[in-house]
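Each chain, letter by letter, is given below.
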Amino acid sequence: MNTVARLPDCNHYLDRIAATPLIPVRLDSSGPTIWCKLEFLNPSGSTKDRIAGYILHKAVRTGRVAPGGTVVEASSGSTSIAMALASAQLGLRFVAVMPEGVSPERRMIIESYGGEVQFSPRAEGILGALAGAATAAAERGAFLPLQFENPDNPAAHRSRTAQEVLTQIPGGCVDAVVSGVGTGGTLVGLFEGLCDHGCAPTAFAARPVTGTSLGGGGAECCSFSGRIPGVVDGLSTIYTKFRAERSASLVEIDVPDDEAVEVARRLIRKGFPVGPSSGLNFQAALMVAGRLGPDAHIVTVFPDRMERYFSTELFARASKA
Ligand code: PMP
């Protein structure tokens, strides 16, 4: 039985949201133009609404979670907020497991959607949260979306985000897709979706590396600097598999994290209310433009909104810049 069909028609808007805009962005009058998908315009403020809506709708439709059932996800960031919103829409209970020490605002947002927050030991980072989520899901008989390995994560971007890009980009094809990798869902899904339609893009994975002027950033679990929330190294089986299978079409590009943060501030001053990973993506895209030339169609995403970062270095310096 199609359980989604039993949901009341009122209140539900997640599957009625229009495409996010894909717009040409140029920071310097002489600089290259980058096509940027404004993912901060999604309802919870990040691109993770895409995967939360897709994964949870499918889980309900296929009976992996019953109406009124429970969803547990390990995430200290955008995914838990998006899952909390989507769960509220779909009438599901939601439990976020996150390391102690995340900002009170994140907890308040999740709880305001009716979600629950459980904390894992701070010292164990995201790995402790993943272990805590597995335990909590087993105890509650809950659905565990597992964003770092669930093929429905890239499938959401492949079937929807990539299609939007194809209808929005002049000429209908893309030479390069550029994104920092957390789960890899964005980069992998965009790439595969474009290939499905006969484009032959190169995928550029932006890797934030420690910049010089501000020093290192206390890596959470990885070789990355830790200053770009949401972009982490080595956690994603989705990306590991993609790298093994699509190495001929994949380039990893190191971006100094100082530059990523500064570019995010410049984007904000242009009126884009973005977080640090948008700066990373844009700076990486500029580096790609340097390689491919001014006529290349280069697409990247602005994954989330600046309001989540008021208490971080992004704003500590923005007011003085
Ligand atoms: N930016 C932000 C702010 C994120 O939260 C994430 C995902 N955690 C990413 C970028 C990377 O996206 P993906 O997980 O699709 O690789």
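Treat the numbers as computed from the prediction; the structure is a model and nothing was measured.

**A word on the overall build of the chain**
Of regular secondary structure, the chain possesses 10 helices and 9 strands. For a compact globule of 321 residues, the expected C-alpha radius of gyration is about 20 Å, and the chain comes in at 19 Å, within 12% of that figure. Along the first, second and third principal axes, the C-alpha set of the chain runs to 55 × 45 × 35 Å. Taking as baseline every contact in the chain between residues at least 6 positions apart, the subset at least 24 positions apart corresponds to 69%.

**Notes on the sheet that holds strand E5 (residues 116-120)**
If you trace the 3 strands from one edge of the open sheet to the other, you get E3-E4-E5, paired in parallel fashion. Looking at which strands have only one partner, the edges of the open sheet turn out to be strand E3 (70-74) and E5. In this sheet, adjacent strand axes meet at a mean angle of 20° when their direction is disregarded. In this structure, strand E4 (residues 93-99) lies alongside E5, joined through 5 bridges in parallel fashion. Note that in E5 the partner of Pro 99 across the bridge is Ser 120.

**A few points about the packing of helix H1 (residues 48-61) against helix H2 (residues 78-90)**
Contact geometry of H1 with H2 gives a least axis separation of 8 Å together with a crossing angle of 45°. In terms of their interaxial angle, H1 and H2 are classed as oblique. The element H1 and its partner H2 pack so that their crossing is right-handed. Two secondary-structure elements touch here, H1 through Lys 48, Asp 49, Ala 52, Gly 53, Leu 56 and Val 60 and H2 through Ser 78, Thr 79, Ala 82, Met 83, Leu 85, Ala 86, Ser 87 and Leu 90. Split by residue class, the contact of H1 with H2 holds 8 nonpolar, 4 polar and 2 charged.

**Focus on helix H5 (residues 152-168)**
Here H5 spans 23 Å end to end across 17 residues, near enough to the 24 Å set by a 1.5 Å rise per residue. Roughly 30° is the biggest bend found in H5, and it falls at Arg 158. Of the residues making up H5, those classed as buried are Asp 152, Asn 153, Pro 154, Ala 156, His 157, Arg 158, Thr 161, Ala 162 and Val 165. Looking at the buried positions of H5, the neighbouring elements they touch are strand E1 (22-25), strand E2 (34-37), H1, helix H6 (185-196), helix H7 (237-245) and strand E9 (298-301).

**Side note on the site of the ligand**
With respect to spatial proximity, 16 residues lie near the ligand, and among them Gly 182, Thr 183, Thr 186, Gly 230 and Ser 277 are the closest. For the shell around the ligand, the class distribution of residues is 4 nonpolar, 11 polar and 1 charged.

**Examining the sheet that holds E2**
Judged by pairing direction, the sheet is mixed, and its 6 strands sit side by side in the order E1-E2-E9-E6-E7-E8 without closing on themselves. The open sheet has two edge strands with one neighbour each: E1 and strand E8 (250-256). Adjacent strand axes in the sheet meet at a mean angle of 30°, parallel and antiparallel pairs treated alike. Lying on the sheet, H5 is in contact with E1, E2 and E9; it crosses E1 at an angle near 60°. Of the strands in this sheet, strand E6 (176-180), strand E7 (202-209) and E9 are in contact with H6, which crosses E6 at around 165°.

**Describing the environment of Ala 59**
As for its placement among the helices and strands, Ala 59 is situated in helix H1. For the pair Ala 59 and Ile 81, spaced 22 residues apart in the sequence, the C-alpha separation amounts to 18 Å. Leave out the neighbours within four places in its chain, and Ala 59 touches Arg 64, Val 65 and Phe 143.

**Digging into the confidence of the model for the chain**
Confidence in the prediction for the chain averages 91 pLDDT; 91% of positions are at 70 or higher. Under a pLDDT of 50 for its full length, residues 212-222 has, in the predicted model, 26 contacts with residues more than four places off or in other chains. Taken over the whole predicted complex, pTM reads 0.92, whereas the ipTM for its chain interfaces reads 0.94.

**Considering the environment of Pro 154**
Relative to the assigned elements, Pro 154 resides in helix H5. Since 27 C-beta atoms lie within 10 Å of it, Pro 154 is described here as buried. In sequence terms Pro 154 and Leu 190 are 36 residues apart; their C-alpha atoms lie 7.8 Å from each other. Sequence-distant contacts of Pro 154, that is, excluding residues within four places in its chain, are made with Gly 185, Val 188, Gly 189, Glu 192 and Ile 238.

**Side note on the pairing of E6**
For E6, a buried count of 5 out of 5 residues is recorded, marking the element as mostly surrounded by other parts of the structure. Sheet analysis places E6 next to E7, joined by 5 bridges and oriented parallel. In the sheet register, Ala 176 faces E7, and the bridge partner there is Thr 202. One crossover worth recording links E6 to the parallel E7 by way of H6, and it is right-handed.

Conventions and cut-offs
Residues numbered from 1 in each chain as written. Predicted model: local features only at pLDDT ≥ 70, side-chain atom pairs only at ≥ 80, totals over all residues. Helix = DSSP H or I, 4+ residues; strand = E, 2+ residues; numbered from the N terminus. Rg over C-alpha atoms; globule rule 2.2 N^0.38 Å. Contact = placed C-beta atoms within 7 Å. Pairing = 2+ DSSP bridges. Axes fitted to C-alpha atoms, helices over the stretch in contact; angles between N-to-C directions. Parallel < 35°, antiparallel > 145°, perpendicular 65-115°, else oblique. Left-handed = near helix turned anticlockwise from the far one by under 90°. Nonpolar A, V, L, I, M, F, W, Y, C, P; charged D, E, K, R; others polar. Expected span 1.5 Å × (residues − 1). Bend = angle between axes of the 7 residues up to and from the residue. Buried ≥ 20, exposed ≤ 12 C-beta atoms within 10 Å, placed from the backbone. Near = placed C-beta within 6 Å. pLDDT = per-residue confidence, 0-100. Right-handed = clockwise from strand over helix to strand, strands pointing away.

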